[in-house]
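Descriptive analysis of the structure
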Amino acid sequence: MHHIIKKIGLPRLIISVLFIGVLVTAYFQGIEMHMLASDIIRRFGMYGILVLAMVPSIQSGVGPNFALPIGIICGLMGAVISVEFGFIGILGFIFAIIFALPLAILVGYLYGKLLNAVKGSELTIATYTGFSFVQLMCIAWLLLPFSSEQMVWAIGKGLRNTFTLKKTFAYVLNNFWSFHIGDVFIPTGLILFFLGVCLLVFLFTKSSTGTAILAAGMNPQFAEASGVNMDRGRIIANILSTVLAAIGIIVYSSSYGFVQLYGGPLMMAFPAVAAILIGGATAKRAKVSHVLIGVLLFQGLLTTSMPVANKIFPEGNISEMVRMVVQNGIILYALTKVDGRQ
């Protein structure tokens, strides 16, 4: 029994049992299960790439990328520019990524240089760097000279906190080759895009550069003695992580149907870190399989807990409080397992 628990991992086992328990409760509460299944599948595709951005960062030895908001803001900038130029449909989605990539590569390179200068304090520096960048961009969103009526305030200057993508590239992946199994909606394009990016990251980890980065993260002394340029590997890993975060938020915004600026990206790193840790990753070891398992468990539990809480606590705003307790409880529990302790 102890061997089985060790093989599965205690965090994954506990969250899995809790997830199944909430699903059973939802069934007996009379909640429509096909709605829950559709939401779980959609959120699995929505959040997947943001969690995937943790893999190169962890494999390089930097640890979980708490500066995920940096890459997210690069993606938001790409989305805003795409809307400003009036691209719609799949073209709007593609150009949002094209506009975001150069910015994400540049920012990822600078961020990698910063982390090389503060070795040993990466997690603390990353958290404060992410927070600072979000606050800096709060000023920029007010001052940048965008003029699209879909994004700017009706009175005065600056971009709105939230604006819709309904007239541009909302749901382009969700609706691509979508179909129903019974009453369950399958967003085929969204899932295929996520799995395709997972495959690319997996292939990168098997390349010579990916293997060198992994070796440097697992055993820095051995890798350095073997002639591996650790600083270069860390920079490449952080560029890749930032690029994935940028693409991830564009996929998220498209699937959600809205773009959230200003403080929107501030706390998005913590759920992503929690998801990959629940999936079985540690501060020094992460695989694509950890992303797939972690996103399914974390988002599945969040998706099912909300309607169950609404049924059990219909009064006032208690259900939202329960959701926050569940979400932050999962994050807190996952962070206590960041070093892989059971």
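Shown above is the structure to which this text applies.
Quantities reported herein were computed from a predicted structural model and do not represent experimental measurements.

Quick word on the overall build of the protein chain
Counting its regular elements, the protein chain contains 15 helices and 4 strands. Scaling as 2.2 N^0.38, a compact globule of 342 residues should have a C-alpha radius of gyration of about 20 Å, and the protein chain matches this with 20 Å. With the C-alpha coordinates of the protein chain rotated into their principal frame, the extents come out at 60 × 60 × 35 Å. The buried share of the protein chain, taken over its 342 residues, is 49%. Looking at the protein chain alone, contacts between residues at least 24 apart form 76% of all its contacts between residues at least 6 apart. Total accessible area on the protein chain stands at roughly 16100 Å², and carbon and sulfur atoms take up 69% of it. Placing the 21 positive and 11 negative side-chain charges of the protein chain at their respective mean positions leaves the two points 8 Å apart.

Looking at the nonpolar core
By size, the foremost hydrophobic cluster in this structure holds 97 residues, and its most contacted members are Leu 52, Leu 68, Trp 141, Leu 159, Phe 169, Leu 261 and Ile 276. Trp 141 has contacts with Ile 73, Leu 76, Met 77, Val 80, Gly 158, Leu 159, Leu 261 and Tyr 262, leaving out every residue within four places of it along the chain.

Observations concerning the packing of helix H9 (residues 188–206) against helix H10 (residues 208–218)
Between H9 and H10, whose axes approach to 4 Å, the crossing angle comes to 75°. Taken together, H9 and H10 sit at an angle that is classed as roughly perpendicular. Residues Phe 204, Thr 205 and Lys 206 of H9 touch H10, and the partners they reach there are Ser 208, Thr 209, Gly 210, Thr 211 and Ile 213.

Some remarks on H10
Those residues of H10 that sit buried are Gly 210, Ile 213, Ala 216 and Gly 217. For H10, the angular spread of the buried residues around the axis is 125°, confining them to a single face.

What to know about the pattern of salt bridges
What the rule picks out here adds up to 3 salt bridges. The shortest N-O distance in the salt bridge between Lys 119 and Asp 231 comes to 2.6 Å. One end of the pair, Lys 119, is in the loop between helix H6 (89–117) and helix H7 (122–143); the other, Asp 231, is in helix H12 (residues 230–256), with 112 residues separating them in the sequence. In this structure Asp 231 comes out as partly exposed when scored by relative accessible area, which is 32%. Across the pair Glu 122 and Arg 234 runs a salt bridge whose closest N-O atoms are separated by 2.8 Å. Note that Glu 122 is positioned in helix H7 and Arg 234 in helix H12, a separation of 112 residues in sequence. Exposure remark for Glu 122: the relative accessible area of 9% places this residue in the buried category. Since its relative accessible area comes to 6%, Arg 234 is described here as buried.

Observations concerning unusual backbone geometry
Residue Tyr 171 is not a glycine yet carries a positive backbone phi of 60°. Within the secondary structure, Tyr 171 sits in the loop between strand S1 (162–164) and helix H8 (172–175). With relative accessibility at 35%, the residue Tyr 171 sits in the partly exposed group. Here Tyr 262, not a glycine, exhibits a phi torsion of approximately 55°, which is positive. Along the polypeptide, Tyr 262 turns up in the loop between strand S4 (258–260) and helix H13 (269–278). Tyr 262 gets classed as buried once you look at its relative accessible area, which sits at 12%.

Scoring rules and cut-offs
- Residues numbered from 1 in each chain as written.
- Predicted model: local features only at pLDDT ≥ 70, side-chain atom pairs only at ≥ 80, totals over all residues.
- Heavy atoms only, no water.
- Helix = DSSP H or I, 4+ residues; strand = E, 2+ residues; numbered from the N terminus.
- Rg over C-alpha atoms; globule rule 2.2 N^0.38 Å.
- Buried < 20%, exposed > 50% of the residue type's maximum accessible area, 1.4 Å probe, protein only.
- Contact = heavy atoms within 4.5 Å.
- Areas by Shrake-Rupley, 256 points an atom, 1.4 Å probe, with all protein chains shown as cover.
- Lys, Arg positive; Asp, Glu negative; His and termini not counted.
- Charge placed at Lys NZ, Arg CZ, Asp CG, Glu CD.
- Core = buried A, V, L, I, M, F, W, Y, C linked by side-chain atoms within 4.5 Å.
- Axes fitted to C-alpha atoms, helices over the stretch in contact; angles between N-to-C directions.
- Parallel < 35°, antiparallel > 145°, perpendicular 65-115°, else oblique.
- Arc of directions from axis to C-beta.
- Salt bridge = Lys/Arg side-chain N within 4 Å of Asp/Glu carboxyl O.

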